[in-house]
Structure formats: C-alpha cells, structure tokens
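# Coordinate analysis (summary)
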Amino acid sequence: GQNIDQPTEMTATEGAIVQINCTYQTSGFNGLFWYQQHAGEAPTFLSYNVLDGLEEKGRFSSFLSRSKGYSYLLLKELQMKDSASYLCAAVTAGGGNKLTFGTGTQLKVEL
Amino acid sequence: DSGVTQTPKHLITATGQRVTLRCSPRSGDLSVYWYQQSLDQGLQFLIQYYNGEERAKGNILERFSAQQFPDLHSELNLSSLELGDSALYFCASSSHPGTGGAAKGYTFGSGTRLTVV
C-alpha cells in the first residue's frame, strides 16, 4: 500500500524559515511533488523532485532522499500569505502513475 | 485560471439523490483525475481517465462512476448520496498518462463543493 506522513500543523513567524517534512512508503515510487493549498481552493504546484538532492525555486526549496523515503519543503522569508496547507504527494508507477497525497501540513504564519 | 474548468462550483442536494460533476481539462491534456477532499482530510484519489479510457482506480465507491468523452471532458456521477459524501471534488488534468517527465504534475480545477443535506 501507499503511506505518506507529514505533520498536521506547524506555526512559524513572519520572516523566518520553516521546514515541512514528509516521509513516504510507496511501491513503484516515481517522484515527489509539493503543492500549496489555501482553504477551499485548488492545490497549486510548488515543486517536483525525482532525483536525490535539493531543488531551489525562489523562496521555496524541496529536498528528496529516495533511499530514506524522505522529503522536505523549505520556505524562507515567510510571509503571511504563506499560511496554507502544504501537501506532499508521491508519484507511484503502474496504471496511470497517479499522485498519492498526504493529509497535508497546515502552516500558520504569525507576526 | 488554471485552464481546468469544473462545474458547478457549488451543489446542495438531498440524501438519496444523484448528481453529475463536470470537468473540462486544460487544452492539450489527455488525462483527467478525480479526487475527493472531505473536511480536514487529504485528497483521496478516485479515478483516472486517459484519452477516453479508464486508466487507474482508487477508493471510489460503487455508487460513484465516471467517464471521459471524445472531446476529453469528464463527468463524475454520484448516486444514492449520503451525508458523508459532502466534500470538495477536484478534477485535475495532465498531458501524460503519468507524470513522467511532466514536472508540473497535475493542474487542478477550482473544485465543486458538494453539500448533502
């Protein structure tokens, strides 16, 4: 089966750095996505990792270790608008190569 | 606007009824995926279609069915509705049957909020 774990909630201060971790156990792993979702809205793409290492994109970076089944999303220079749910999703091969999502980490950015 | 269009945006219906949710994928995308998101729950994969054919099935109830038409739009049919079916239903599309080299993964529509009363 597929299992993706991430913390339920995190709180951080505006301007700070926060790291959201995700561990996964999936068969046929074929990459990992991070999405941002504001309440009641559609998830929007943040990053994609298929090889081990760090991918940097502006204030957002994502890291993947395939051997450890581990990923993290790093958010720098936090802004109030970054308050949202962050979804980790593993791509599993076979059939349609579907995305399996974790339950999301609700990030609250405070002053 | 993501390019994925879902209608209606909101739907309120009674238990036991049947509804149809519609999704038009982004231009050029052949794959359509349906997800259910209940309150405080993650996105649960329901079903995927690729170019008109069912490609993968997730935790979709027998009361639910879907199809993808020749023009690539898709419909999700929910019947004998129960209170627990109240949720956000998202459609997503991608250009590949999987996400392979499509590094942007899926593009999501804005969802249909279904309320069963």
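Structure report, in brief. Predicted model only: the values in this text are computed from it and were never measured.

### A look at the overall build of chain A
Helix and strand counts for chain A come out as zero helices and 11 strands. Taken over C-alpha atoms, the radius of gyration comes to 14 Å for chain A, in line with the 13 Å a tight globule of 111 residues would show. Accessible surface for chain A amounts to roughly 5100 Å². Of this, 49% is attributable to carbon and sulfur atoms. Here chain A contributes 8 positive and 10 negative side-chain charges, whose respective centroids are spaced 5 Å apart.

### Description of the sheet that holds strand β8 (residues 74-78) of chain B
Residue and element names in this part refer to chain B. Sheet architecture is open: four strands sit in the order β1-β3-β8-β7, paired in antiparallel fashion. Since the sheet does not close on itself, it has two edges, and those belong to β1 (5-7) and β7 (64-68), each with one partner. The mean angle between the axes of side-by-side strands here comes to 15 degrees, regardless of whether they run parallel or antiparallel. Pairing of β7 with β8 involves five bridges; the strand directions are antiparallel. Looking at β8, one finds that alanine 66 is bridged to leucine 76.

### Quick notes on the packing of aromatic side chains
Applying the stated rule across the entire model yields 19 aromatic pairs over all chains. A centroid spacing of 5.4 Å and a plane angle of 90 degrees characterise the contact between A:Phe101 and B:Tyr35, whose relative ring orientation is edge-to-face. Taken as a pair, A:Phe101 in strand β10 (residues 99-101) and B:Tyr35 in strand β4 (residues 31-37) lie in two separate chains rather than in one. We classify A:Phe101 as buried; its relative accessible area is 8%. Take B:Tyr35: its relative accessible area is 0%, and that puts it in the buried class. With a centroid separation of 6.3 Å and an interplanar angle of 50 degrees, the aromatic rings of B:Tyr35 and B:Tyr106 are classed as tilted. You can see B:Tyr35 sitting in strand β4 and its partner B:Tyr106 sitting in the loop between β9 (87-94) and β10 (107-108), a full 71 residues away along the chain. Exposure class is identical for B:Tyr35 and B:Tyr106. Each is buried. Counting every residue linked through ring pairs, the aromatic cluster contains A:Phe33, A:Tyr35, A:Phe45, A:Tyr48, A:Phe101, B:Tyr33, B:Tyr35, B:Phe45, B:Phe90, B:Tyr106 and B:Phe108.

### Observations regarding the nonpolar core
By size, the foremost hydrophobic cluster in this structure holds 21 residues, and its most contacted members are A:Leu32, A:Trp34, A:Leu73, A:Leu75, A:Leu78, A:Tyr86 and A:Leu107. Of all the secondary structure elements, the ones that give two or more residues to this core are β3 (18-25), β4 (29-37), β7 (60-65), β8 (70-75), β9 (84-92) and β11 (105-110) of chain A. Ignoring any residue separated from it by four or fewer positions in sequence, one finds A:Tyr86 in contact with A:Gln6, A:Ile20, A:Trp34, A:Tyr35, A:Gln36, A:Leu46, A:Phe60, A:Leu73, A:Leu75, A:Gly104, A:Thr105 and A:Leu107. Listed in part, the 20 residues of the second largest apolar core include B:Val4, B:Val32, B:Leu46 and B:Cys91.

### As for the state of the cysteines
Scanning all chains against the criterion turns up two disulfides over all chains. Paired through a disulfide, A:Cys22 and A:Cys88 show a sulfur-sulfur distance of 1.9 Å. Negative torsions about the S-S bond denote left-handed disulfides, and the value of about -65 degrees found for A:Cys22 with A:Cys88 makes this one left-handed. Separated by 66 residues along the polypeptide, A:Cys22 in strand β3 and A:Cys88 in strand β9 bring together distant segments of the chain. This pair shows no difference in class: A:Cys22 is buried, exactly as A:Cys88 is. The disulfide that involves B:Cys23 links it to B:Cys91, with 1.8 Å between the sulfurs. Across the S-S bond of B:Cys23 and B:Cys91 the torsion is about -50 degrees, and the bridge reads as left-handed.

The rules behind the values
- Residues numbered from 1 in each chain as written.
- Chains lettered and ligands numbered in written order.
- Predicted model: local features only at pLDDT ≥ 70, side-chain atom pairs only at ≥ 80, totals over all residues.
- Heavy atoms only, no water.
- Helix = DSSP H or I, 4+ residues; strand = E, 2+ residues; numbered from the N terminus.
- Rg over C-alpha atoms; globule rule 2.2 N^0.38 Å.
- Areas by Shrake-Rupley, 256 points an atom, 1.4 Å probe, with all protein chains shown as cover.
- Lys, Arg positive; Asp, Glu negative; His and termini not counted.
- Charge placed at Lys NZ, Arg CZ, Asp CG, Glu CD.
- Pairing = 2+ DSSP bridges.
- Axes fitted to C-alpha atoms, helices over the stretch in contact; angles between N-to-C directions.
- Phe/Tyr/Trp six-rings, centres within 6.5 Å; stacked < 30°, edge-to-face > 60°.
- Buried < 20%, exposed > 50% of the residue type's maximum accessible area, 1.4 Å probe, protein only.
- Core = buried A, V, L, I, M, F, W, Y, C linked by side-chain atoms within 4.5 Å.
- Contact = heavy atoms within 4.5 Å.
- Disulfide = S-S within 2.5 Å.

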